[in-house]
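Observations on the model geometry
Residues per chain are reported as follows:
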Amino acid sequence: MEPDDPRPLSDDPVGVLAMQDLDPLSVAELEARITALEREIGRSRRHLERAVNHRASADALFR
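Each chain carries its own residue numbering, running from 1 in the direction its sequence is written. Side-chain atom pairs in this predicted model are given and counted only at pLDDT of 80 or more, local residue features only at pLDDT of at least 70, and totals for whole chains, interfaces and linings cover all residues. Side-chain metrics in this entry use all non-hydrogen atoms of the structure; hydrogen atoms and water are not considered.

1. Description of the overall build of the chain
If you tally the helices and strands in the chain, you get two helices and zero strands. With residues, only the protein chains shown are counted as cover, and all accessible areas are computed by Shrake-Rupley using a 1.4 Å probe. Accessible surface, the chain: about 5,900 Å² in total, of which carbon and sulfur atoms supply 58%. In DSSP terms, a helix is any run of H or I states spanning at least four residues, a strand is any run of E spanning at least two, and both are numbered starting from the N terminus.

Listed below in structure tokens is the structure:
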């Protein structure tokens, strides 16, 4: 992929999501999309928190 190419890499789900045309979606579909994205953000934050806590525990163990 060229640096100026606006198309996301096929293995970049966030990039693919950001490139989707929202114009054809209804209000209900947009609301459902936002709800799903908010759930995914929450899931990602929880995973991040577990990873940070795991790392802190490992660091403490090996001091």
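2. Description of the pattern of salt bridges
Each salt bridge in this description consists of a side-chain nitrogen of Lys or Arg and a carboxyl oxygen of Asp or Glu lying within 4 Å of one another. This structure, assessed with the given rule, holds one salt bridge. Glutamate 40 serves as the salt-bridge partner of arginine 43, at 2.9 Å between the closest nitrogen and oxygen. Placement of both arginine 43 and glutamate 40 in helix H2 (residues 27–61) is noted, with a separation of three residues, approximately one turn of the helix. You can call glutamate 40 partly exposed: its relative accessible area is 35%. Partly exposed residues are those whose accessible area sits between 20% and 50% of the maximum for their type, while under 20% is buried and over 50% is exposed, using a 1.4 Å probe and protein chains only.

3. Considering the side chain of arginine 33
Examined against the element boundaries, arginine 33 turns out to sit in helix H2. Residues scored as positive are Lys and Arg, those scored as negative are Asp and Glu, and His as well as the terminal groups of each chain are ignored. The buried charged residue arginine 33 lacks any salt bridge, with aspartate 21 as its nearest oppositely charged partner at 9.4 Å. Here, residues are in contact when the closest pair of their heavy atoms is within 4.5 Å. With residues up to four places along the chain from it excluded, the contact list for arginine 33 reads Leu17, Gln20, Leu22 and Leu25.

Everything listed here is a matter of coordinates, which is why it stays silent on function.
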